[in-house]
Every structure is written in C-alpha cells, then in structure tokens.
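# Secondary and tertiary structure notes
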Amino acid sequence: MQFDKWFNSQTTLIKAILLLLPIVGWVCEVLVRLSVMLRTKSVEHIVVFVLFVVVGWGWFLGLIDFIYLLLKGHLILAE
C-alpha cells in the first residue's frame, strides 16, 4: 500500500481540500496512517494509527492535522 506516498506527492492545496471534506478527510487520514504503519511497522506508527482510528473521527485531531499540514506539508507522524 503506497497511499501515503501518493498523498504526500500532491500539492498542499489538494491535500488541504481532501482533509477539509467531512468523510473524505477522515478516510484519507486513515489510509495514510495505515499505509505508513504497514510500510514501517514501527510501534510509534501503530500507536498513532490505533489512536486515530479510535478518536480520530472527531474534529479535534483533524483540525490539528490540518494546521500541521499547512505549516509543514505533511500529517503529524505520517512521514
């Protein structure tokens, strides 16, 4: 699964639009985090993936990721 590489290759504007769409944003974040977790298999990425699946459906983590994306160009702990 290479969804994280595809997502990170997009422009910041496209990534921001994808994250702002209500259901699409959550699905994109889950796929990016799943892709990073499967590729790296590190404990840190597994914990972040599980945390995001459990509480990431709320707007708070999505807002933090959106702001971080605008500042740095990628999601938190998904590089």
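Structure: above.
Structural notes, computed from the coordinates. (Residues numbered from 1 in each chain as written. Predicted model: local features only at pLDDT ≥ 70, side-chain atom pairs only at ≥ 80, totals over all residues. Heavy atoms only, no water.)

## Description of the overall build of the protein chain
- Along the protein chain, the regular secondary structure elements total five helices and zero strands.
- Taken over the C-alpha atoms alone, the protein chain extends approximately 30 × 25 × 20 Å along its principal axes.
- For the protein chain, the residues scored as buried account for 37% of the 79 residues in total.
- Look at the contacts in the protein chain between residues 6 or more apart in sequence, and 59% of them connect residues 24 or more apart.
- Element-wise, carbon and sulfur atoms account for 77% of the exposed surface of the protein chain, whose accessible area totals about 4900 Å². (Helix = DSSP H or I, 4+ residues; strand = E, 2+ residues; numbered from the N terminus. Buried < 20%, exposed > 50% of the residue type's maximum accessible area, 1.4 Å probe, protein only. Contact = heavy atoms within 4.5 Å. Areas by Shrake-Rupley, 256 points an atom, 1.4 Å probe, with all protein chains shown as cover.)

By themselves, these figures tell us nothing about what the structure is for.
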